[in-house]
Amino acid sequence: MPSAQAKICTEEDYYNLPENVRAELIEGNLIYNHAAPSRIHQSILMELSGTIRDYLKSKNRPCRVYPAPFAVKLREDRKTIVEPDISVICDRNKLTDRGCTGAPDWIIEIVSPGNSSHDYILKLNLYANTGVREYWIVDPGKERIFVYRLEQNHFEVETYTFHDSIPVGIYTDLQIDFASLDF
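Nothing here was measured: the structure is a model prediction, and the numbers come from that model. (Residues numbered from 1 in each chain as written. Predicted model: local features only at pLDDT ≥ 70, side-chain atom pairs only at ≥ 80, totals over all residues. Heavy atoms only, no water.)

Considering the state of the cysteines
Thinking step 1. The final tally for this structure, using the stated rule, is one disulfide.
Thinking step 2. With a sulfur-sulfur separation of 2.1 Å, C63 is cross-linked through a disulfide to C90. Its S-S torsion of approximately 100 degrees makes the covalent link between C63 and C90 right-handed. Here the residue C63 occupies a position in the loop between helix 2 (39–58) and strand 3 (64–67), and C90 occupies one in the loop between strand 6 (86–89) and strand 7 (95–96), the gap between them amounting to 27 residues. (Disulfide = S-S within 2.5 Å. Helix = DSSP H or I, 4+ residues; strand = E, 2+ residues; numbered from the N terminus.)

Okay, here's the thing in structure tokens:
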């Protein structure tokens, strides 16, 4: 007797979820986000999103910043849609009514205690393999920021603290001073 196989979910399954259900579709598997983000998570999200948005406007850059929930379909295979905490997209042709199709230029994930392996392992590899140019993991528990920059098909990493000013690799004239952020 053949064994039962797990259902491979697609983009249609993702978009047919009830509006109040948060999930990501990774390699055909729906991964549900059950817990609400913490206050510190949301404070960091707002501070970073605002800082990036203000920079983009002041420099008249074509890029756009989108905080979660914002759907990012990383591949055309229709089996991988993520909702990064912050996505920066510079190619407006990637933007659709539903979100983004293709790799954002810069993604920031803010670690929650219950899903750290999701950000440190699963998404790290996924983002490297799909061409995200810069990926930051902000870890409030460790007060560390891990900055991954894509260098010829693999990420190079640098580590910073919440007291550092961090250069943004996709812009030569932007540094984010974590010590000055209000969270």
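After that view, the rundown keeps rolling.
Quick word on the packing of aromatic side chains
Thinking step 1. Considering all chains together, one arrives at twelve aromatic pairs under this definition.
Thinking step 2. Note on W106 and W136: the rings are 5.1 Å apart at their centroids and 65 degrees apart in plane angle, and the pair reads as edge-to-face. Of the two residues, W106 is situated in strand 9 (residues 106–110) and W136 in strand 10 (residues 134–139); the sequence distance between them amounts to 30 residues.
Thinking step 3. Through successive ring pairs, a cluster of aromatic residues spans Y127, Y135, Y148 and F155. (Phe/Tyr/Trp six-rings, centres within 6.5 Å; stacked < 30°, edge-to-face > 60°.)

Describing the nonpolar core
Thinking step 1. The biggest cluster of nonpolar side chains holds 27 residues, and the ones touching the most others in it are W106, W136, Y171, I176 and F178.
Thinking step 2. If one sorts the elements of this core by residue count, helix 2 sits on top with six residues.
Thinking step 3. When residues no more than four places from it in sequence are discounted, the contact partners of I176 are L48, T51, I52, W106, W136, D164, S165, I166, V168 and L181.
Thinking step 4. Counting 21 residues, the second-largest nonpolar core is a separate cluster that includes Y120, L126, Y127 and F155. (Core = buried A, V, L, I, M, F, W, Y, C linked by side-chain atoms within 4.5 Å. Buried < 20%, exposed > 50% of the residue type's maximum accessible area, 1.4 Å probe, protein only. Contact = heavy atoms within 4.5 Å.)

Focus on helix 2
Thinking step 1. The end-to-end C-alpha distance of helix 2, which contains 20 residues, comes to 28 Å, matching closely the 28 Å that a straight helix rising 1.5 Å per residue would cover.
Thinking step 2. If you check which residues of helix 2 are buried, you get H41, S43, I44, L45, L48, S49, G50, I52, Y55 and L56.
Thinking step 3. Tucked into the core, helix 2 has its buried residues touching strand 3, strand 6, strand 9, strand 10 and strand 14 (175–177).
Thinking step 4. Where helix 2 ends, the next residue or the one after it, N60, has phi of about 55 degrees, a positive value. (Expected span 1.5 Å × (residues − 1).)

A look at the pairing of strand 1 (residues 23–26)
Thinking step 1. Burial of the side chains of strand 1 extends over both faces: A23 and L25 are buried on one face and E24 and I26 on the other.
Thinking step 2. Judged from the four bridges that link them, strand 1 and strand 2 (residues 29–32) form a sheet pairing that is antiparallel. Counted as the bridge partner of I26 is N29 from strand 2.
Thinking step 3. Between strand 1 and strand 2, which follow one another and run antiparallel, lie two residues, and E27 among them has a positive phi close to 50 degrees. (Pairing = 2+ DSSP bridges.)

Observations concerning the sheet that holds strand 11 (residues 144–151)
Thinking step 1. With respect to topology, six strands assemble into an open sheet ordered 3-6-9-10-11-12, the strand pairing being mixed. Two strands lie at the open edges of the sheet, namely strand 3 and strand 12 (154–161), each paired on one side alone. Neighbour-to-neighbour, the strand axes of this sheet turn through a mean angle of 15 degrees, independent of strand direction.
Thinking step 2. Both strand 3 and strand 6 contribute to a ladder of four bridges, which runs antiparallel. (Axes fitted to C-alpha atoms, helices over the stretch in contact; angles between N-to-C directions.)

Structural notes on the side chain of D105
Thinking step 1. Among the secondary structure elements, D105 is positioned in the loop between strand 8 (99–101) and strand 9.
Thinking step 2. Polar contacts involving the side chain of D105 include one to the side chain of R133, which spans 2.9 Å.
Thinking step 3. Among all residues touching D105, those that are not within four sequence positions of it are V88, I89, C90, D91, V132, R133, E134 and I170. (Polar contact = N/O pair within 3.5 Å; in protein donor to acceptor, adjacent residues only side chain to side chain.)

A closer look at helix 3 (residues 116–130)
Thinking step 1. Here helix 3 contains 15 residues, and its C-alpha end-to-end distance of 20 Å stays within 8% of the 21 Å for a straight helix at 1.5 Å per residue.
Thinking step 2. The largest bend in helix 3 amounts to roughly 40 degrees and is located at K123.
Thinking step 3. Taken together, the buried positions of helix 3 are H118, D119, Y120, K123, L124, L126, Y127, A128 and T130.
Thinking step 4. One or two steps after helix 3, the chain reaches G131, where phi turns positive at roughly 90 degrees. (Bend = angle between axes of the 7 residues up to and from the residue.)

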